Amino acid sequence: MRTILFFLVILSLLVMPSVASGQTGPSPADRRIALSFDDAPRGDGPIFTGEERTAALLDSLQTAGVGTAVFFVTTRGLDTPAGRERIARYAEAGHLIANHSHSHTWLSGTDPDAYIADIDRAEGLLPPHVQRRPWFRFPFLDEGNERELRDRLRDALDARGLMNGYVTVDNYDWYIDQRWQQAVRDGRPVDRDALRRAYVDLILGAVEFYDSLAVSTLGRSPAHVLLLHENDLAAAFVDDLVIALRVAGWTIVSPDEAYADPIASIVPQTLMTRQGHVGALAVDAGADPRTFSHRAIEEEQIDAMLEERGVFGEPLASDGGQREKSG
Ligand SMILES: [Zn+2]
């Protein structure tokens, strides 16, 4: 009898996941997240060439059954036929294309007219396509460190019919990717399984962190927008990331669906926007941004995790290469 009961419980868990987990917290249908990839098309690296990265990323997304993600394009990468071809491939695969500026500069400290001209330049260079969206993602999530500058840009985006392509889940995927590039350049052995687990754990931790912050701020879990980059980690492991998200009860939705969430029309008052839209709304609601510290956005903590897990072996040689900053 106990065996049959056990069997029935397992069966109910398998066939009715929404009922099984709906007893506490939101049902899986309420945990929605869209994937966004910044900085496409990024250049060649020691692990993948740009073309290889695009092919691998498209393959991973298809393997994971992700029909629609969004690529925020830095149009300085469209000055070669290969760069334009890669963006066309993303669009043809069903993914969305939007503006991430031409030159990828910080807004703070930049002349606003020059910054706006750079957005217009990117709009002009992005290919007209059914997959194109009127969204602008601020490089480095820098929406301006002064109210006048911030409001100037908000007005400029409004005048152009461009929506702020915000993220709700910030993380340092770019930092692990940078560490991977450097390790390969330095001739260090890389434990790919450990690297994959570190990447997946880091992103999942960030997703849960910002979802908890959203629930405590808004009283509900919004449709999230996950910040990722068009980097080698995504190309190699995004299918594993998607599996892990689904196991945690997340449904991958299109960016159109995510940006239709009511939080899209809430305009943050705080200037603290560099940890995304949910972070800004939490600060507006009285949260202390110093409490947002978690390992997904702390370089020292990420270094410690990579070290502890033995992701990179002892250097066999060092060329003293320069690190590249991404964002
Ligand atoms: Zn960027």
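Residues numbered from 1 in each chain as written. Predicted model: local features only at pLDDT ≥ 70, side-chain atom pairs only at ≥ 80, totals over all residues.

Draft legend 1. Fine view of the overall build of the protein. Helix and strand content of the protein: twelve helices and seven strands. Sorting the 327 residues of the protein into buried and exposed places 39% on the buried side. Restricting the contact set of the protein to residue pairs at least 6 apart, pairs at least 24 apart contribute 81%. (Helix = DSSP H or I, 4+ residues; strand = E, 2+ residues; numbered from the N terminus. Buried ≥ 20, exposed ≤ 12 C-beta atoms within 10 Å, placed from the backbone. Contact = placed C-beta atoms within 7 Å.)

Draft legend 2. Broad picture of the packing of helix H3 (residues 50-63) against helix H4 (residues 81-92). Where H3 meets H4, the closest approach of the two axes is 10 Å, and the angle between their N-to-C directions is 5 degrees. With respect to each other, H3 and H4 are oriented roughly parallel. Residues Gly50, Glu51, Thr54 and Leu58 of H3 pack against Ala82, Arg86 and Arg89 of H4. Classifying every residue of the contact of H3 with H4 by side-chain character gives two nonpolar, two polar and three charged. (Axes fitted to C-alpha atoms, helices over the stretch in contact; angles between N-to-C directions. Parallel < 35°, antiparallel > 145°, perpendicular 65-115°, else oblique. Nonpolar A, V, L, I, M, F, W, Y, C, P; charged D, E, K, R; others polar.)

Draft legend 3. Layout of the pairing of strand S2 (residues 70-73). In S2, alternate side chains face the same way, and those of Val70 and Phe72 on one face and Phe71 and Val73 on the other are all buried. Bridge count between strand S1 (residues 32-40) and S2: four bridges; the pairing is parallel. Bridged to Phe37 within S2 is Phe71. Running through H3, the crossover from S1 to the neighbouring parallel element S2 is right-handed. Of the pairings in the sheet, the one linking S2 to strand S3 (residues 96-99) comprises four bridges and is parallel in character. In the strand pairing of S3, Val73 is matched with Asn99. In this view, the connection linking S2 to its parallel neighbour S3 by way of H4 has right-handed handedness. (Pairing = 2+ DSSP bridges. Right-handed = clockwise from strand over helix to strand, strands pointing away.)

Draft legend 4. Highlighting the packing of helix H8 (residues 192-218) against helix H11 (residues 276-284). Between H8 and H11, the shortest axis-to-axis distance is 9 Å and the interhelical angle comes to 35 degrees. Between H8 and H11 the crossing geometry is left-handed. On H11, the residues that touch Tyr210, Leu213, Ala214 and Thr217 of H8 are Gly276, Val278, Gly279, Leu281 and Ala282. (Left-handed = near helix turned anticlockwise from the far one by under 90°.)

Draft legend 5. Up close: the nonpolar core. Within the largest apolar cluster, 79 residues are counted, with the highest numbers of intra-cluster contacts made by Phe71, Ile176, Tyr199 and Leu226. Excluding residues that lie within four positions of it along the chain, Ile176 makes contacts with Ala198, Tyr199, Leu202, Leu233 and Ile302. (Core = buried A, V, L, I, M, F, W, Y, C linked by C-beta atoms within 7 Å.)

Draft legend 6. View of unusual backbone geometry. For the bond running from Ala40 to Pro41, omega is -5 degrees, close enough to zero to count as cis. If you check the backbone angles, Phe140 has positive phi at about 60 degrees while not being a glycine. Its place among the elements puts Phe140 in the loop between strand S4 (132-136) and helix H6 (147-159). Since 16 C-beta atoms lie within 10 Å of it, Phe140 is described here as partly exposed. You will see that Leu141, though not glycine, has its phi angle at about 55 degrees, which is positive.

Draft legend 7. Structural context of H11. For H11, the tally of buried residues reaches eight of nine residues, placing the bulk of the element in the interior. Along H11, the positions that sit buried rather than exposed are Gly276, His277, Val278, Gly279, Ala280, Leu281, Ala282 and Val283. Contacts from the buried residues of H11 go to H8 and strand S6 (224-229). Residue Gly286 follows H11 closely and has a positive phi angle near 110 degrees.

Draft legend 8. Here's a closer look at the confidence of the model for the protein. Model confidence for the protein is summarised by a mean pLDDT of 89, while 86% of its residues fall at 70 or above. Considering only residues more than four positions removed or in separate chains, one finds that residues 1-23, a stretch of pLDDT under 50, has ten contacts. Note that residues 320-326 has pLDDT below 50 and, in this model, nine contacts with residues that lie over four places away or in other chains. (pLDDT = per-residue confidence, 0-100.)

Draft legend 9. Structural detail: the environment of Leu245. Positionally, Leu245 belongs in helix H9 (residues 232-247). Between the alpha carbons of Leu245 and Arg32 there is a distance of 9.9 Å; along the sequence they are 213 residues apart. Discounting chain neighbours no more than four positions away, the residues touching Leu245 are Ile33, Leu204, Val207, Trp250 and Ile252.

Draft legend 10. Here's a closer look at the pairing of S4. In the sheet, S3 pairs with S4 via two bridges, with the strands oriented parallel. Each residue of the ladder has a partner; that of Asn99, found in S4, is Phe136. A crossover links S3 with its parallel partner S4, the connecting element being helix H5 (residues 112-125), and its sense is right-handed. Two elements, S4 and strand S5 (residues 163-164), share two bridges in a ladder whose sense is parallel. Bridge assignment links Phe136 to a residue of S5, and that residue is Asn164. Each parallel crossover has a hand, and for S4 linked through H6 to S5 it is right-handed.

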